[in-house]
Amino acid sequence: MFDQLQAVEDRYEELGELLSDPTVVTDNKRFMELSKEEANTRETVAVYRRYKEVVQGIADAEELLSENLEDDMAEMAKEELHELKDEKEELEEKMKILLLPKDPNDDKNIIMEIRGAAGGDEAALFAGDLFEMYQSYAQSQGWRFEVMEANITGIGGYKEVIVMISGENVYSKLKYENGAHRVQRVPSTESQGRVHTSTATVVVLPEAEDVEIDLDDKDIRVDIYHASGAGGQHVNKTASAVRLTHEPTGIVVAMQDQRSQLQNREKAMQVLRARVYDKIQQEAQSEYDANRKSAIGTGDRSERIRTYNFPQNRVTDHRIGLTIQQLDRILSGELDDIVDALIIYDQTQKLENMQNG
């Protein structure tokens, strides 16, 4: 582990020199790549440097205690030694986590797709609740939340809504939201006061950049058609809706919410690129069954991951057995407790896998 850490520190120092090199500064693409690499290793280096200071501090305190000290001085040296040893243990655990292989998508923006599933109108209303929950969470994180496409039902829920969430470490925090979310409550349409169960699905796709996935124009069929909008809006007057079909994979994306054909095409292309990139990743990952089982963020999208129980004001994440008795707080976007618990669980699983070889 310490050889790895020393290599990271050496590389970090090399990056510092490269980033002040005039030939690198004038090469915008290389400068951005190296800046990103430096930022990604900064915390690891800071922890490793502090660790070395603590180890030296322990050696100094032990040397001091080997001398004939007065009682007061000896007591102070013992106390400092105890504190340094505790900190050394904490730093060792932190360094193990920092050295875990990073998900290459963790610092990406995402495209999130929320759909009402089983339960008709109630499922669509619940999809709307999830939409508002993620919107509030994004706002609390300082992220940008942009609706790309929305299919709103007559009673105000969402049959389907696609959003782009942009900012720092978006995918790393929201990748665990993939799956089926179940709600148990008395629907507003229920006159007998009976509790119904409905579901909505959430798909989280890392945004794919051009350099990561090259979609050949000849593989994409483009259909232009008149958008369907309510009340004779502009969408009915011009052929602005766009449907893109990626023929090698059969993936189809339709977009009509933007005001022009060009905007719809750009947004559809963003979603198409993310879906194709995700499909390629999922296929590659399925070759590693053991990894797939231990990585909670990449499992079966039809898996029921969480239940939101309104009568008992309770949220349960079934993957890690976490129950929180504050459903109202969670739905208002205070997701940190769940997100942090999922990240810690995932890191613990990966550490165990690494230690077991």
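Position numbers for residues start from 1 in each chain and track the written sequence from start to end. Owing to the predicted nature of the model, reporting of local features is limited to residues with pLDDT of at least 70; listing and counting of side-chain atom pairs is limited to 80 or more, with chain, interface and lining totals taken over all residues. Computation of side-chain values covers all heavy atoms of the structure but excludes hydrogens and water.

If you check an unreviewed UniProt entry, the protein appears there as Peptide chain release factor 1 from Vagococcus lutrae LBD1. UniProt positions are given in the numbering used here, feature names are shortened, and annotations may be inferred rather than shown by experiment. Taken directly from UniProt, the Sequence similarities (unreviewed entry) text for the protein runs: "Belongs to the prokaryotic/mitochondrial release factor family." Entered under Function (unreviewed entry) in the UniProt record, the comment concerning the protein runs "Peptide chain release factor 1 directs the termination of translation in response to the peptide chain termination codons UAG and UAA."

Outline the sheet that holds strand E2 (residues 144-152), listing residues and values.
Strand pairing is defined by DSSP finding a minimum of two bridges between the two strands. Numbering goes from the N terminus for both helices and strands, where a helix is a DSSP run of H or I of at least four residues and a strand is a run of E of at least two. One open sheet holds the eight strands; their spatial order is E2-E3-E1-E5-E4-E9-E10-E11, and the pairing between them is mixed. Every other strand in the sheet has two partners, leaving E2 and strand E11 (322-324) as the edge strands with one partner each. With direction set aside, neighbouring strand axes in the sheet form an average angle of 15°. The sheet contact formed by strand E4 (residues 179-185) and strand E5 (residues 196-206) spans seven bridges and is antiparallel. The residue bridging Arg182 from the neighbouring strand is Thr199, located in E5. Note on method: axes are straight lines fitted to C-alpha atoms, helices fitted across the in-contact stretch only, with angles between N-to-C directions ranging 0 to 180 degrees.

Quick one: what's the story with helix H4 (residues 71-98), residue by residue and with numbers?
Between the first and last residue of a helix there are one fewer steps than residues, each counted as 1.5 Å, and that sum is the expected span. Across its 28 residues, H4 extends 40 Å between first and last C-alpha, which sits within 8% of the 40 Å expected from 1.5 Å per residue. Buried residues are those whose accessible area, probed at 1.4 Å on protein chains only, stays under 20% of the maximum for their type, while exposed residues exceed 50% and partly exposed ones sit between those limits. Looking only at H4, the buried set comprises Ala74, Ala77, Leu81, Leu84, Leu91, Met95 and Leu98.

An account of the side chain of Asn178 is requested, with residue identities and associated values reported.
Within the element layout of this structure, Asn178 appears in the loop between helix H6 (170-174) and E4. Under the relative-accessibility criterion, Asn178 is labelled buried at 7%. N or O atoms within 3.5 Å of each other form a polar contact, as long as, within protein, one can give a hydrogen and the other can take it, and as long as residues adjacent in sequence are counted only when both atoms are side-chain atoms. Within the structure, Asn178 has its side chain in polar contact with the backbone nitrogen of Val204 (distance 2.7 Å).

Which residues make up a nonpolar patch on the surface, and what values do they have?
In this analysis, a patch consists of residues with relative accessible area above 30% that form no salt bridge, clustered at 9 Å for like charges and at 5 Å for the nonpolar side chains Val, Leu, Ile, Met, Phe, Trp and Tyr. Every accessible area reported is derived by Shrake-Rupley at a probe size of 1.4 Å, with residue values counting cover from the shown protein chains alone. When a carboxyl oxygen of Asp or Glu lies within 4 Å of a side-chain nitrogen of Lys or Arg, that pair is called a salt bridge. A surface patch of nonpolar side chains, about 290 Å² in accessible area, is lined by Leu64, Met73 and Met76. Note on placement: Met76 falls in helix H4. The exposed category is assigned to Met76, whose relative accessible area is 57%.

Requested: an account of the pattern of salt bridges, with residues and values cited.
For the structure shown, the criterion picks out 27 salt bridges. In this structure, the salt-bridge partner of Lys94 is Glu43, at a minimum N-O distance of 4.0 Å. Of this pair, Lys94 sits in helix H4 while Glu43 sits in helix H3 (residues 28-65), and the two are 51 residues apart along the sequence. For Glu43, a relative accessible area of 44% puts it in the partly exposed group. If you follow the salt bridges from partner to partner, you end up with Glu9, Glu13, Arg49 and Lys52 in one network.

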